[in-house]
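Working through the structure, step by step
The primary structure of each chain is shown beneath.
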Amino acid sequence: MAAQSFLSESLLGWSIFTFILLVILAFCWVYIRKFQSRQESEVVSTITAICALAIALITSALLPVDIFLVSFMKYPNGTYKEWAANNETRGQIEDTVLYGYYTLYSFILFCVFLWIPFVYFYYEERDDDNVNKCSQVKNALKYTIGFAIVCVVLLLIGAFVPLEAPPGQNSTQWEKVQYLFEELGSSHGLPALSFSISSLTLIGMLAVITYTAYGMSVLPLNLIKGTRSVVYERLENTEDIDDVEHQIEKLKSKCNDGRPLSSRDRHNLQELEGKLQVLRRKGRHLEIAERNCCTKVGSALRPFKILLGIFFILVALLFTVALFISNLDKALHSAGISSGFIIFGTNLTNPLNELLLALQPVFPLDYILITVITMYFVVTSMAGIRNMGIWFFWIRLYKIRPKKTRPQALLFLCMILLLIVLHTSYMIYSLAPQYVMYGSQKYLVQSQMPSAGPTSGNATLGTTRICDAEAPEDQCTVTRSYLFLHKFWFFSTIYYFGNWAFIGAFLIGLVVSCCRGIGRGSYESSKWSKQQMWGNVLCHKGVT
């Protein structure tokens, strides 16, 4: 009976994960195809982008499964379920989740250091028409080897940096080396992988501060403010056409008496004629967009978008307040920098952590909420990258535009999302530390109370408490994600200060988003740049 219960409940958790996996694959295919350039699309870059984005989203979906499995080992009264009463069975479940993290994090290392760099440099070399296929592969491999060396160095550092005190000075060199290899074998390579992932997470932290913080402000405000209507755009375009036609007629009237136009007037006339053609093409596109069903549906859903934008901005403010309280709690009650600002449990009331704990009795609301929080960070990160583009310091490398994004830009996009997802796990831990560490687990505390009956003696009473650091080790199971996040204290210290930077970046982005005007519609942003470029080429040919 216990084995059957274990099988059914474990199957439930992994069935939910499988369903999410299929949804993620479908979403990745639609998302990449939406932004992919139709003129420069390639099979290899498309498959690479879809797989990398899928790995990023699947990794983010594993955290709710991790919390779900450790929580489902216990009843609400704090006792273990029949199938989880055995330590060996609990160990198997923990190992299953741990191997899931091993697999996905290894895929992330493979994508970041090998697969994506090779495909990116392959297409960079393709831009040179004088390079053949063989040279493209050689040059791409040459650059990729540099990334592979960095990965190997990170793994070696993580593998052989001792986390505990090494043998004393009287030990021989062989004993010290033997100690390092025993540490590596006993931990099953966890420090090596954790150090490499934590190093990438530092880069992901910078991406979260840059893109996610801005996306959390720009996404809801764009939904609230909306975009210019097609009718307004057509009216404005018609006025521009009338103005340009009037200027052309004014210039042509100068030669009515037979005198030729000056070189300056001819140049202005050619520019105005090119601009007129662009505006007329723009008008035809706007006319088609006005008759489009999607435009009409979008107009009908305008109230829903406003409500969704208000909801998103409230969620963003909730996350910011929860993150501020969590950081303040660490600043006041942790052991400081030397401990990585790590605290066990919560000393200040964290609204998001309390909300997750309050939803525990109503299955599966708490797991749905933690999944929504995870996907919210991913969606806002995509919105931030979509609005800002891809930057290297002050240099804009690529724009992300529907049906016009180059293969290299899509590869950059997916790599950034991979790094963001790595840091998202720590962000969620900061928002709800106690819940992410133990889930909804409770444990039973036995206490002796004097009996009130005629017989003297003490009665044993059991009280239920939520799992925290004070709980006995055999009564509460820590999630595997927590072990990855806090293997090295100095990374936790950097993440702590990164959270403060994230709060500041969000507030700045919120002010910037509020000051910006209403943006153009998607039909406008996807087509006008091409028409404007064509008009400039036309004018240039006219001058020459």
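Residues numbered from 1 in each chain as written. Predicted model: local features only at pLDDT ≥ 70, side-chain atom pairs only at ≥ 80, totals over all residues. Heavy atoms only, no water.

The next thing to look at is the overall build of the protein. Each helix and strand counted, the protein has 17 helices and four strands in total. Counting over 544 residues, the protein shows a buried share of 46%. Sequence-distant contacts in the protein: of pairs separated by 6 or more residues, those separated by 24 or more amount to 79%. Surface exposure of the protein reaches about 28,000 Å², of which carbon and sulfur atoms provide 64%. (Helix = DSSP H or I, 4+ residues; strand = E, 2+ residues; numbered from the N terminus. Buried < 20%, exposed > 50% of the residue type's maximum accessible area, 1.4 Å probe, protein only. Contact = heavy atoms within 4.5 Å. Areas by Shrake-Rupley, 256 points an atom, 1.4 Å probe, with all protein chains shown as cover.)

Going through the model one piece at a time under the given rule, you end up with two salt bridges. Between Glu94 and Arg480 there is a salt bridge, and its shortest N-O distance comes to 3.6 Å. Here the residue Glu94 occupies a position in helix α3 (residues 87–126), and Arg480 occupies one in helix α15 (residues 480–485), the gap between them amounting to 386 residues. Comparing Glu94 with Arg480 shows no difference in burial state: the two are buried. (Salt bridge = Lys/Arg side-chain N within 4 Å of Asp/Glu carboxyl O.)

Structurally, Thr201 can be placed in helix α6 (residues 190–225). Overall, Thr201 belongs to the buried group, its relative accessible area being 4%. Through-space distance from the C-alpha of Thr201 to that of Leu418 is 9.4 Å; in sequence the pair is 217 residues apart. For Thr201, the residues in contact, after removing those within four places along its chain, are Leu422, His423 and Tyr495.

This next bit is on the layout of surface pockets. Here the second largest pocket defines a volume of roughly 840 Å³. Along the walls of the second largest pocket sit 27 residues, with Ile203, Trp391, Phe392, Phe412 and Leu419 positioned nearest its centre. The element contributing the most residues to the lining of the second largest pocket is α6, with seven residues. Of the residues in the lining of the second largest pocket, the class split is 25 nonpolar, two polar and no charged. (1 Å grid on protein atoms, 1.4 Å probe; cavity = no way out; pocket = protein on both sides within 12 Å on 5 of 7 lines; lining within 4 Å. Points joined across faces, edges and corners; volume = space filled by probe spheres on them. Nonpolar A, V, L, I, M, F, W, Y, C, P; charged D, E, K, R; others polar.)

Further remarks concern a nonpolar patch on the surface. Taken together, the side chains of Phe392, Phe393, Trp394, Ile395 and Leu397 define a hydrophobic patch exposed on the protein surface, amounting to about 630 Å² of accessible area. For Trp394, the position within the fold is in the loop between β1 (390–392) and β2 (395–398). Under the relative-accessibility criterion, Trp394 is labelled exposed at 70%. (Patch = residues over 30% accessible without salt bridge, like charges linked within 9 Å, V, L, I, M, F, W, Y side chains within 5 Å.)

This part is about the packing of helix α10 (residues 302–333) against helix α12 (residues 365–388). Packing of α10 against α12 leaves a shortest axis separation of 12 Å and a crossing angle of 105 degrees. In terms of orientation, α10 and α12 fall into the roughly perpendicular class. Contacts between α10 and α12 involve Phe312, Val315, Ala316 and Phe319 on the former and, on the latter, Ile373, Tyr376 and Phe377. When the residues that make up the contact of α10 with α12 are grouped by side-chain class, the tally is seven nonpolar, no polar and no charged. (Axes fitted to C-alpha atoms, helices over the stretch in contact; angles between N-to-C directions. Parallel < 35°, antiparallel > 145°, perpendicular 65-115°, else oblique.)

A few words now on a negative patch on the surface. A cluster of like negative charges, contributed by Glu239, Asp240, Asp242 and Asp243, occupies part of the molecular surface. Along the chain, the position of Asp243 falls in helix α7 (residues 230–252). (Lys, Arg positive; Asp, Glu negative; His and termini not counted. Charge placed at Lys NZ, Arg CZ, Asp CG, Glu CD.)

Below, the discussion takes up the packing of aromatic side chains. Enumeration according to the criterion identifies 24 aromatic pairs in this entry. Seen from their ring centres, Tyr426 and Tyr429 are 6.0 Å apart, and the 45 degrees between their planes marks the pair as tilted. Here Tyr426 and its partner Tyr429 are both found in helix α13 (residues 407–431), three residues apart, which amounts to about one turn of the helix. As far as the burial class goes, Tyr426 and Tyr429 line up, both buried. Among the aromatic residues, ring-to-ring pairing joins Tyr120, Phe121, Tyr143, Phe147, Tyr398 and Phe412 into one connected group. (Phe/Tyr/Trp six-rings, centres within 6.5 Å; stacked < 30°, edge-to-face > 60°.)

Here we take up the confidence of the model for the protein. Considering every residue of the protein, the mean pLDDT works out to 76; 78% of them sit at 70 or more. Mean pLDDT in the protein bottoms out at helix α17 (residues 522–543), which sits at 44, and peaks at α10, which reaches 88. Taken together, the stretch residues 165–169 has pLDDT below 50 and engages in five contacts with residues farther than four places along the chain or on a different chain. Segment residues 173–181: pLDDT under 50, and eleven contacts once partners within four positions in sequence are set aside and those in other chains are kept. (pLDDT = per-residue confidence, 0-100.)

Further remarks concern the environment of Pro433. Locating Pro433 in the fold gives a position in helix α14 (residues 433–438). The class for Pro433 is buried, based on a relative accessible area of 6%. Separated by 49 residues in the primary sequence, Pro433 and Tyr482 place their C-alpha atoms 9.4 Å from one another. Look past the residues within four positions of Pro433 in its chain and what remains in contact with it is Thr346, Asn350 and Asn353.

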